[in-house]
Amino acid sequence: MAGIIQTLILTPPSPQTRSSCRLHPNFRPICNPYFTRFVSSTRSRSISIPIRIRACERPDRVDSTGSEAAKVLNSGKGLVLGKQLLNFVDRNFLPLALIGGVVLGLANPTLGCLADKYYLSKVSTFGIFFISGLTLRNGEIDAAVEAWPVGVLGLCSILFFTPYFSRIILQIQLQPQEFVTGLALFCCMPTTLSSGVALTQLAGGNSALALAMTVISNLLGILIIPFSITRFIAAGVGVSVPTKQLLRSLVLTLLIPLLMGKVFRESFKGLAGFVDQNRKLFSKMSAICLSLAPWIQVSRSSSLLLQVKPEVFLVAIGMGVFLHVILFAFNALAIQGLSTASGGNQSVFSKKENANAFVLVSSQKTLPVMAAVVEQLSGAFGETGLLVLPCVAAHLNQIIMDSFLVNFWLRKDLASKHAKVQVVNESEDRVFFERM
């Protein structure tokens, strides 16, 4: 094709073509000398265009061109790798934020202790529940009310069933014994104040149900914790729990920010639409607030970490992982059994949103309430720092493990959605060709 074009451009007009203008007098304007001069000048200019042949260029020119191409190729590879890295961070934002908080606390505990001095942990908890109130839709509240049997089951699991596992923990022999006793106390605590709700939101679960179980279990836990500790651990030893202080703290850090966020959502026009359109952004903000808790806790306990033998602390970490796996398996089997017994797919227990909220919230235990209770024990069960230290690891383990689980659920849901879309497209194409 290129040869034909060059032939047409380089070949001068034949005499027949020129004489054809004279044979048709009716078209004399076409044979205007000015027009002919313009065409001939145009053709002459087209002939003067040099044809560049790469093979005839100098070697240094070829090398420079090759190096430029290599630079472009390398920059393209860098952009692809950068995009893949950003996608990985976006998909695993919560676990990476939590692990980053732990690493930062170990690397520079001074900043974490300074943040704890200025009550940044309470501010972060306030922020998590304020964001929860902003993102709370009225339909979700109705869904929580509809799923009240799941909520009751969650409260029973948190406050009455899971504390029994403290007896299993007490059977483990480990020195110092405070590690074992601390994890046993950890079993008697209510659910986490913020991470369960944040993970439920990320997983697309019933966040209103998760909020209800979190608030109610922590409020009732203030009254029930002393009896649980006395029955399962203390064996008749009197335990004093700061009921008024805990109740005030829970109201300030849970109820008030939650109500404020909901009031803001309903009061300002357009805010609800903006929040709903940017739910992913608000989820990341909640994850950042959540990552402040392990950063501060690890920073506070860094001095104790240096005093404990690494192998002993690794055993304590394994115990915390084992405890969370047991609680998670127990709650998963409980919701599955009730779903089967109460009507299968038609049951409120079988809805995926309710099941996710129940399993995530009921399988976690809170560290701040645990620390407050241990401080009031005045050394009745051993050194306070050694009691809390394995619970810090257990608290971080349960959040990190569940965050990876939530990411796995999200990827699985995304893959199933893509599969459904592909099946629908194939069926539509089949119907289209059959009609043709």
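None of the values given here were measured: they were computed from a predicted structure. (Residues numbered from 1 in each chain as written. Predicted model: local features only at pLDDT ≥ 70, side-chain atom pairs only at ≥ 80, totals over all residues. Heavy atoms only, no water.)

What follows concerns the overall build of the protein chain. Each helix and strand counted, the protein chain has 21 helices and zero strands in total. Taken over 436 residues, the protein chain has a buried fraction of 40%. Accessible surface computed for the protein chain: about 25000 Å², of which carbon and sulfur atoms make up 66%. (Helix = DSSP H or I, 4+ residues; strand = E, 2+ residues; numbered from the N terminus. Buried < 20%, exposed > 50% of the residue type's maximum accessible area, 1.4 Å probe, protein only. Areas by Shrake-Rupley, 256 points an atom, 1.4 Å probe, with all protein chains shown as cover.)

Time to look at a nonpolar patch on the surface. A contiguous nonpolar patch, built from Leu-252, Ile-256, Met-260, Phe-264 and Phe-268 and spanning about 420 Å² of accessible area, is present on the exposed surface. By the element assignment, Phe-264 lies in helix 14 (residues 243-267). Taking the relative accessible area as the measure of exposure, Phe-264 reaches 34% and is therefore partly exposed. (Patch = residues over 30% accessible without salt bridge, like charges linked within 9 Å, V, L, I, M, F, W, Y side chains within 5 Å. Salt bridge = Lys/Arg side-chain N within 4 Å of Asp/Glu carboxyl O.)

Moving on, we come to the nonpolar core. Membership of the largest hydrophobic core comes to 41 residues, with the highest contact counts inside it found for Ile-169, Phe-179, Met-189, Ile-229 and Met-370. At the level of secondary structure, the elements contributing two or more residues to this core comprise helix 11 (177-187), helix 13 (207-234), helix 18 (310-341), helix 20 (367-376) and helix 21 (384-435). It is helix 21 that contributes the most residues to this core, nine residues altogether. Apart from residues no more than four positions distant in its own chain, Phe-179 is found in contact with Leu-174, Val-308, Val-312, Phe-313, Ala-316, Leu-386, Leu-389 and Pro-390. Formed by 40 residues, the second largest nonpolar core is a distinct cluster that contains Ala-147, Cys-289, Phe-358 and Val-359. (Core = buried A, V, L, I, M, F, W, Y, C linked by side-chain atoms within 4.5 Å. Contact = heavy atoms within 4.5 Å.)

Its 14 residues give helix 9 (residues 148-161) an end-to-end C-alpha distance of 18 Å, which sits within 8% of 20 Å, the value for a rise of 1.5 Å per residue. Three or more residues of helix 9 are buried, namely Val-150, Gly-151, Leu-153, Gly-154, Leu-155, Ser-157, Ile-158 and Leu-159. (Expected span 1.5 Å × (residues − 1).)

Mapped onto the fold, Ser-228 is located in helix 13. A residue is classified by how much of its surface remains accessible, and Ser-228, at 6% relative accessible area, is buried. Each C-alpha atom of the pair Ser-228 and Cys-188 lies 6.2 Å from the other, and the pair is 40 residues apart in sequence. Once residues lying within four places of it in the same chain are set aside, the contact partners of Ser-228 are Leu-159, Cys-188 and Ile-233.

Our focus in this paragraph is the pattern of salt bridges. Under the defined criterion, the tally for this structure stands at four salt bridges. Several salt bridges share partner residues, and in doing so they unite Arg-265, Asp-276 and Arg-279 into one network.

Attention now moves to the environment of Leu-304. Residue placement: Leu-304 occurs in helix 17 (residues 302-307). Accessibility expressed as a relative area gives 21% for Leu-304, which makes it partly exposed. Along the backbone, Leu-304 and Leu-389 are 85 residues apart, and their C-alpha atoms lie at a distance of 7.6 Å.

A few words now on the side chain of Glu-178. By secondary structure assignment, the location of Glu-178 is in helix 11. Buried charge Glu-178 goes without a salt bridge, the closest partner of opposite sign being Lys-309 at 14 Å. Residues contacting Glu-178, with those up to four places away along its chain left out, are Phe-381, Gly-382, Glu-383, Leu-386 and Leu-387. (Lys, Arg positive; Asp, Glu negative; His and termini not counted.)

Taking 1.5 Å per residue as the helical rise, helix 18 with its 32 residues ought to reach 46 Å, and the 46 Å between its terminal C-alpha atoms agrees with that figure. Looking at the residues trailing helix 18, positive phi occurs at Gly-343, about 120°.

Note on aromatic pairs: each is described by the distance of the centres and the angle between the planes. Enumeration according to the criterion identifies seven aromatic pairs in this entry. Between Phe-126 and Phe-130 the ring centres are 6.5 Å apart and the planes differ by 10°, which places this aromatic pair in the stacked class. With Phe-126 and Phe-130 both in helix 7 (residues 120-134), this residue pair falls four residues apart, about one helical turn. A centroid spacing of 6.3 Å and a plane angle of 85° characterise the contact between Phe-274 and Phe-282, whose relative ring orientation is edge-to-face. What makes Phe-274 partly exposed here is its relative accessible area of 44%. Taking relative accessible area as the criterion, Phe-282 reaches 9% and is therefore assigned buried. One aromatic cluster is present, formed by Phe-126, Phe-130, Phe-264 and Phe-268 through successive ring pairs. (Phe/Tyr/Trp six-rings, centres within 6.5 Å; stacked < 30°, edge-to-face > 60°.)

Turning to the confidence of the model for the protein chain, a few remarks are in order. The pLDDT averaged across the protein chain works out to 75; a share of 74% of its residues lies at or above 70. Low pLDDT (under 50) marks residues 1-11, which in the prediction has five contacts with non-local residues, meaning those over four places away or in another chain. In the predicted structure, residues 13-62 sits below a pLDDT of 50 and forms ten contacts with residues beyond four places in sequence or in another chain. (pLDDT = per-residue confidence, 0-100.)

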